[in-house]
Amino acid sequence: MSAQEIDNYLESLEEPQRTTLARLRQTILDVLPEAEQAISYGLPAFKIRGKTVAGFAAFKYHLSYLPHSGSVFPELQHELVGYSTSSGALRFEIYEPLPRSLVERLIAVRLRQAFPAE
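Residues numbered from 1 in each chain as written. Predicted model: local features only at pLDDT ≥ 70, side-chain atom pairs only at ≥ 80, totals over all residues. Heavy atoms only, no water.

1. Here's the deal with the packing of helix α2 (residues 17-31) against helix α4 (residues 100-114)
Pairs of packed helices are described in terms of their axes, by the angle between the two and the distance that separates them.
Reasoning step 1: At a minimum axis separation of 10 Å, α2 and α4 run at an interaxial angle of 55°. As summarised for this structure, α2 and α4 are arranged oblique, according to the angle between their axes. Relative to α4, the crossing made by α2 is right-handed. Residues L24, T27, I28, D30 and V31 of α2 pack against R100, V103, E104 and I107 of α4. (Axes fitted to C-alpha atoms, helices over the stretch in contact; angles between N-to-C directions. Helix = DSSP H or I, 4+ residues; strand = E, 2+ residues; numbered from the N terminus. Parallel < 35°, antiparallel > 145°, perpendicular 65-115°, else oblique. Left-handed = near helix turned anticlockwise from the far one by under 90°. Contact = heavy atoms within 4.5 Å.)

2. Side note on the sheet that holds strand β4 (residues 63-66)
Reasoning step 1: An order of β1-β2-β3-β4-β6-β5 is seen for the 6 strands of this open sheet, with the pairing classed as antiparallel. Strands with a single pairing partner mark the edges of an open sheet, and in this sheet they are β1 (36-40) and β5 (84-85).
Reasoning step 2: For strand β3 (residues 51-58) and β4, the ladder comprises 4 bridges, and the chain directions are antiparallel. Paired with F56 across the strands is Y65, a residue of β4. (Pairing = 2+ DSSP bridges.)

3. Here we look at the pattern of salt bridges
Reasoning step 1: Tallying each qualifying case throughout the model produces 6 salt bridges.
Reasoning step 2: Of the charged contacts, one joins E15 and R18 as a salt bridge, the two residues approaching to 3.2 Å between their closest N and O atoms.
Reasoning step 3: We note a salt bridge from R100 to E104, for which the minimum N-O separation is 2.8 Å. With R100 and E104 both in helix α4 and 4 residues apart, the pair spans about one turn of that helix.
Reasoning step 4: The class of E104 is partly exposed, set by a relative accessible area of 33%.
Reasoning step 5: One salt-bridge network, held together by shared partners, links D30, R100 and E104. (Salt bridge = Lys/Arg side-chain N within 4 Å of Asp/Glu carboxyl O. Buried < 20%, exposed > 50% of the residue type's maximum accessible area, 1.4 Å probe, protein only.)

4. A look at the side chain of Q37
Reasoning step 1: Here Q37 lies in strand β1.
Reasoning step 2: Looking at Q37, the relative accessible area reads 14%, which means it is buried.
Reasoning step 3: In terms of polar contacts, Q37 uses its side chain to reach the side chain of R25, at 2.8 Å. (Polar contact = N/O pair within 3.5 Å; in protein donor to acceptor, adjacent residues only side chain to side chain.)

Below, the structure is given as structure tokens:
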């Protein structure tokens, strides 16, 4: 598993999905420069010490941020007003990248849950 696999995933997408998710990927890497890039369940994922803490996916009419935990969104419900969510996906528009501050918060909550003693 490698960054090349995520490159291949992004290259397979049409615009604007490709550019929007490339920006999300860079934001995640800015927040988690030590993250291992991989493919998990066929989708781009970012791992810290073997635990998947973030990911994303493209669909025809929306994009999704995947926290790889069903308990991230309840902690941020006030910050997610206006977004459609399920227990494992935050859906957003193909033309609008998620704000960096929101990605930072999503990752912070997931890291706190994944590594509670730190």
